[in-house]
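Observations on chain architecture
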Amino acid sequence: MRITVTVDGTTYTDEVEPRLLLVHYLRDRLGKVGTVVGCDTSNCGACTVHLNGHSVKSCSVLAVQADGGDVLTVEGLSRDGKLHPIQEAFRDNHALQCGFCTPGMIMQTLDLLAEEPDPDDETVRHGLEGNLCRCTGYQNIVRAVQDAAQRLRGGATSSGDAVIKDAAKAETAGGVR
Amino acid sequence: MTATAQPEIGRARLRKEDEHLITGRTRWTDNLVLPGMQHLAILRSPVAHARITGVDTTAARGMPGVVAIFTGADLAAEQGSLPCAWPITEDMKAPPAPSLAVDTVNFAGEAVAVVVARGAYEAHDALEKIDVDYDELPIVLDLAGAAADGADLVHPDLGTNISATWTFDSAEAGTGGDVEQAIREAEVLVQRTFRQQRLIPAFMEPRSVVVDPTAAQITMWSSTQIPHILRLMLAMTLHIPEHKVRVIAPDVGGGFGGKLQVTPEEVIALLVARRLGKPVKYTESRSESMLAAHHGRDQIQKLTLAARRDGTVTGLKVELLADMGAYLRLVTPGIPILGAFMFNGIYKFPSYHFTCTNVFTNKVPTDAYRGAGRPEATFAVERMMDELAAELSLDPLELRARNWITHEEFPFDTVAGLTYDSGNYEAATARARELFDYDGLRREQVERRERQDTVQLGIGVSTFTEMCGLAPSRTLGALAYGAGGWEHAAIRMLPTGKVEVVTGASPHGQGHETAWSQIVADQLGVPFDDVEVLHGDTQTSPRGLDTYGSRSLTVGGIAVVKAAEKVIAKARPIAAHMMECAEDDLEFTGGRFRVTGTEKAVGIADVALAVFAAHDLPDGVEPNLDSEATYDPDNFSFPHGTHLCAAEVDTETGQVRIRSYVCVDDIGHVVNPLIVEGQVHGGLAQGIAQALYEEAVHDESGTLLSGSFAEYLMPSAVDLPSFTTGRTQTPATGNPLGVKGVGEAGTIASTPAVVNAVLDAVRQFGVHDIEMPCSPMRVWHAIHTAQGGAR
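Residues numbered from 1 in each chain as written. Chains lettered and ligands numbered in written order. Predicted model: local features only at pLDDT ≥ 70, side-chain atom pairs only at ≥ 80, totals over all residues.

1. Observations concerning the overall build of chain B
Rule in force here: Where helices and strands are cited, they refer to DSSP runs of H or I of at least four residues and of E of at least two residues respectively, numbered from the N terminus. Taken over C-alpha atoms, the radius of gyration is set against a globule rule of 2.2 Å times the number of residues to the power 0.38. As a rule, residues whose C-beta atom has 12 or fewer other C-beta atoms within 10 Å are exposed, those with 20 or more are buried, and those in between are partly exposed; C-beta atoms are placed from the backbone. Note that contacts rest on C-beta atoms placed from the backbone: two residues are in contact if these are within 7 Å.
For chain B, the count of helices and strands is 22 helices and 28 strands. Taken over the C-alpha trace, chain B has a radius of gyration of 28 Å; the compact-globule value for 791 residues is 28 Å, and the two agree within 12%. Overall size of chain B, expressed as C-alpha extent along the three principal axes, is 90 × 75 × 50 Å. In chain B, buried positions account for 60% of the 791 residues. Taking as baseline every contact in chain B between residues at least 6 positions apart, the subset at least 24 positions apart corresponds to 80%.

Following this line, the structure appears as structure tokens:
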């Protein structure tokens, strides 16, 4: 089948098998390898992208379902060489270790913050329930999301600085976070 | 040349690794596309134990895009046996371990045939057309049953399911007294049998391997923790000259011990690529990963603790059964042995006996999983200490204080034969108590009991230590491990003063690039941003023993320090020559050689440029500042800490909720507190997951029921609390940075803290143990049963 899809601002027209998953179309046909596959049951969320403005698990969407659609991946987030505030917040809060879940986490965060610009801890945790991370224990991801929320609302300070200060404090005398 | 005013070590530097990971500019193995590359799909056995009586690939070969199909019989002559590098006893029984099953399959998920096709979808389509005839054999699944006389056999040729029995006895070793005597003379005996359930490492990036056979060296990209060991083992297993193999671990998405392996899939990919003369790629699905990548834990622990009524422990006897699964993989037999030295924990037990029996079953092999042997041991001793405290009606922290090594007693020779170099259990515990509000929570616990609240509060304690930083090579040799425990580093001083650091450690999320840059910045006095850390490619980094066992900083990081010292030593005579002074008149600080007592100085970058030009060097000095160092530690490192967990247990539903979790870890000096914090959080998550959520479950036919993230309950953000972390700092004495490992500490410490908390909440109902994971069903059932089913 012939599909036309806009991905990260570029429009592509391709012949695809009807069974081709969107994530494989992105990775194998378009070279958008920033989006990854972590499972085959749509539980892990590593493959999360935006389709027409909402997050989807691209392992659970057929490429043909994206026909005529607008896809945003993690590779399309930064503009003019400048990181998106969510990307900055993930880096500044040490919200990633191996980084494999990170593209999905960031794209899900974009969706979460669009719906809830000032989420509390519980809201963040529930909003990210469909995205698994094995490295971080989620605590710094939660902080990153709240930090990103503040940045997107135009707040000047970032809790990224707080993390660094806290961590430095813990260094000296059995400090605590 | 910038002299760094503030030391880099100790700074919460943001990670150098992150920019490419948050923008999707990544190098995962599965991203690779090579000219002419073919795709592999692997057919796996649906049965746990059977003779293969026929494989018909005719229909599959005719499928569109299919290039070739290989069965075990096709590769039998060249595949050899997958390596096991840890023969723990001289008479250990080890079955041949083919990558592709030849005439029998021994676990559900074992590879039976491989399809090569133009595309991954086409390769998978063809799998369904391969017809395998299985003649089913008796299935051995139950660990205790497998070890019993008269059991059906996994490998009839071996004549037994028992691979090896390994023993340590303090009386025999001369490290302590006779445990049997302690048991005979005990005023109190506590006996328990604990189950360490089988776990799945479940790294987020599924394993992937690409092999290119088209150059003089066969190149393998693999999502592995161990590129160096893998290269060596491929050479030894497949009889390929070592210098004809190059292994690259590009970005690797987590490992946790699960990628500390030489896998059947890597061998199959290499053999197929070599046959075809074309690059091939294999990437597993998550379901395949759960089924066929090695599992962790899986022990039955029988424990006998002897004590006096004042709480002084007089002896501990440990009898383990450890499930190997169907084969011995790279370090399978040694995993429980790594625990043998840790059952005495932080305590001065005067006598100790350990026996472990390694047993085959028809399940996927077990091997390293975060902590590897030490979580099992720590769980056992910390659970037993809480049980003893309950038996004696003592506060569990008080009982521990009566038995632990006091800070004045270091270095301390333990009953298990180790020497703990340093520690301060009193300080860590005092800090944790304070952060936790221990006394306040105890008061609340009493109140809830008195008013018979349906939600009861439990407080769990874990005062742990562990041995990490694997490892002194001599010690590994004494344990019959097949390799040493050193690590390698090289430093290249570039003419512009920039620095390349090559490390033999192989990160997969730990942040080596950042931490090593901090170390080198301090050592050489160069800016953090002027250091580039290279790793994970046997061509760039020819020597190394990779990343596992919380070894990277305490061994690999120290190798970096040693290499930097050599750079300075090489630069010193040149600097003296440049300033026409004696070497002894020079001091090196902040990246500059200064003539003592003067303002005359040259920077290390000036020396590097002078060396590059080589116009005017002292006689006999080579024009090169580059240095290498290989560091072999004298001892393990022994991080320790006190973890306290408050758990609320709903006695009507069995639901457990962690209300607060406090840990105070002592890992000595800290290079990067941000990274340390992350390691602790992630470790806690995995230890808590063992306590409450995760278990690999098989049905009676040996089929893995928890074979996807829909059934295997890897915790999401809603399943975990926020943690309160603190630190005390008792520097390690065995290395120049005073650092200890931190990668596994959280996992090792947290499981018993959580289970102890659950039991502390329900012990009042007569419950003394709940098998992990402490699911609502198990907790409810334990309460219900203890109360005679009348609740």
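Text resumes after the structure shown.
2. Section: the domain arrangement of chain A
Residue and element names in this part refer to chain A. Formally: Throughout the structure description, domain borders are defined by an automatic or database domain assignment.
The domain boundaries assigned to chain A delineate domain 1 (2-75) and domain 2 (85-168). Placing the centre of domain 1 and that of domain 2 at their C-alpha centroids yields a distance of 23 Å. Listed per partner, the contact involves 15 residues of domain 1 and twelve residues of domain 2. Mapped onto the side of domain 1 that touches domain 2, the elements with two or more residues apiece are β3 (48-51) and β4 (54-57).

3. Some words on the packing of helix α17 (residues 512-524) of chain B against helix α18 (residues 552-579) of chain B
Residue and element names in this part refer to chain B. Note the cut-off: All axes here are fitted lines through C-alpha atoms, helices being fitted over the stretch that makes contact, and every angle between N-to-C directions spans 0 to 180 degrees. Left-handed describes a crossing in which the near helix is turned anticlockwise from the far one by less than a right angle; the clockwise case is right-handed. Residues were grouped as follows: Ala, Val, Leu, Ile, Met, Phe, Trp, Tyr, Cys and Pro as nonpolar; Asp, Glu, Lys and Arg as charged; and all remaining residues, including Gly, as polar.
The interhelical angle for the contact between α17 and α18, taken along N-to-C directions, is 35 degrees, at an axis separation of 10 Å. Crossing hand, α17 versus α18: right-handed. Of the residues in α18, those touching α17 at H512, A515, W516, I519, V520, Q523 and L524 are S552, L553, G557, V560, V561, A564 and V567. Taken together, the residues of the contact of α17 with α18 sort by class into ten nonpolar, four polar and no charged.

4. Section: unusual backbone geometry
Here F410 of chain B and P411 of chain B are connected by a cis peptide whose omega angle stands at -5 degrees. One can find P411 of chain B in the loop between α13 (396-403) and β16 (412-413). Geometrically, the link from L470 of chain B to A471 of chain B is a cis peptide bond, its omega value of -10 degrees lying close to zero. Structurally, A471 of chain B is set in the loop between β18 (455-465) and α16 (473-478). In the Ramachandran plot, D80 of chain A falls in the positive-phi region, its phi being about 55 degrees despite a non-glycine side chain. Among the secondary structure elements, D80 of chain A is positioned in the loop between β5 (70-72) and α2 (85-92). The phi dihedral of S393 of chain B falls on the positive side, at around 55 degrees, and the residue is not glycine. Turning to its location among the elements, S393 of chain B is positioned in the loop between α12 (374-391) and α13. Here S393 of chain B falls in the exposed class, since 6 other C-beta atoms lie within 10 Å of it.

5. Description of the domain arrangement of chain B
All names here are of chain B. Assigned domains within chain B: domain 1 (18-25 + 486-631), domain 2 (32-137 + 204-254 + 259-292) and domain 3 (296-470 + 635-786). Placing a centre on the C-alpha atoms of domain 1 and another on those of domain 3 gives a separation of 40 Å. Across the boundary between the two partners, domain 1 contributes 16 residues, which contact 17 residues of domain 3. When contributions to the side of domain 1 that touches domain 3 are tallied by element, the ones reaching two or more residues are α17 and α18. Counting residues per element, the side of domain 1 that touches domain 3 draws most heavily on α18, at six residues. Its residues placed into classes, the side of domain 1 that touches domain 3 shows seven nonpolar, eight polar and one charged.

6. As for the nonpolar core
Heads up, the rule is: Note on terminology: a nonpolar core is any set of buried Ala, Val, Leu, Ile, Met, Phe, Trp, Tyr and Cys residues joined through C-beta atoms within 7 Å.
Grouped together as the largest cluster of nonpolar side chains are 303 residues, with contacts concentrated most on L40, V115, V520, V754 and V758 of chain B. Ignoring anything within four residues of it in the chain, the contact list for V115 of chain B reads L40, A41, A60, V66, I69, A123, A126 and L127 of chain B.

7. Some thoughts on the sheet that holds strand β2 (residues 10-15) of chain A
All names here are of chain A. Definition in use: Pairing between two strands is assigned when DSSP locates at least 2 bridges connecting them.
The five strands lie next to each other as β2-β1-β5-β3-β4, forming an open sheet whose pairing is mixed. What marks the edges here is a single partner per strand, and that holds for β2 and β4. Each strand of the sheet is rotated relative to its neighbour by a mean of 35 degrees, with strand direction disregarded. Most of the contacts of helix α3 (residues 102-115) go to β3, to which it runs at about 40 degrees, and overall it touches β3 and β4.

8. Re the pairing of strand β2 (residues 50-56) of chain B
Residues and elements named next belong to chain B. Two elements, β2 and strand β6 (residues 131-136), share six bridges in a ladder whose sense is antiparallel. In the sheet register, V55 faces β6, and the bridge partner there is V132. As defined by bridge partners, β2 adjoins strand β4 (residues 104-105) across two bridges and the pair is classed as antiparallel. When the bridges of β4 are listed, R51 appears paired with T104.

9. Comments concerning helix α19 (residues 604-613) of chain B
Residues and elements named next belong to chain B. Residues I604, A605, V607, A608, A610 and V611 constitute the buried set of α19. Against the buried residues of α19 lie β19 (487-493), α17, α18 and β24 (601-603). Looking one or two places after α19, you find A614, whose phi comes out positive at around 60 degrees.

10. Here's the deal with the environment of Y347 of chain B
All names here are of chain B. Here Y347 shows up in the loop between α11 (335-340) and β15 (352-360). Classification of Y347 by C-beta neighbours within 10 Å gives buried; the count is 24. Along the backbone, Y347 and T29 are 318 residues apart, and their C-alpha atoms lie at a distance of 45 Å. Not counting residues up to four positions away in its chain, the partners in contact with Y347 are V313, N403 and W404.

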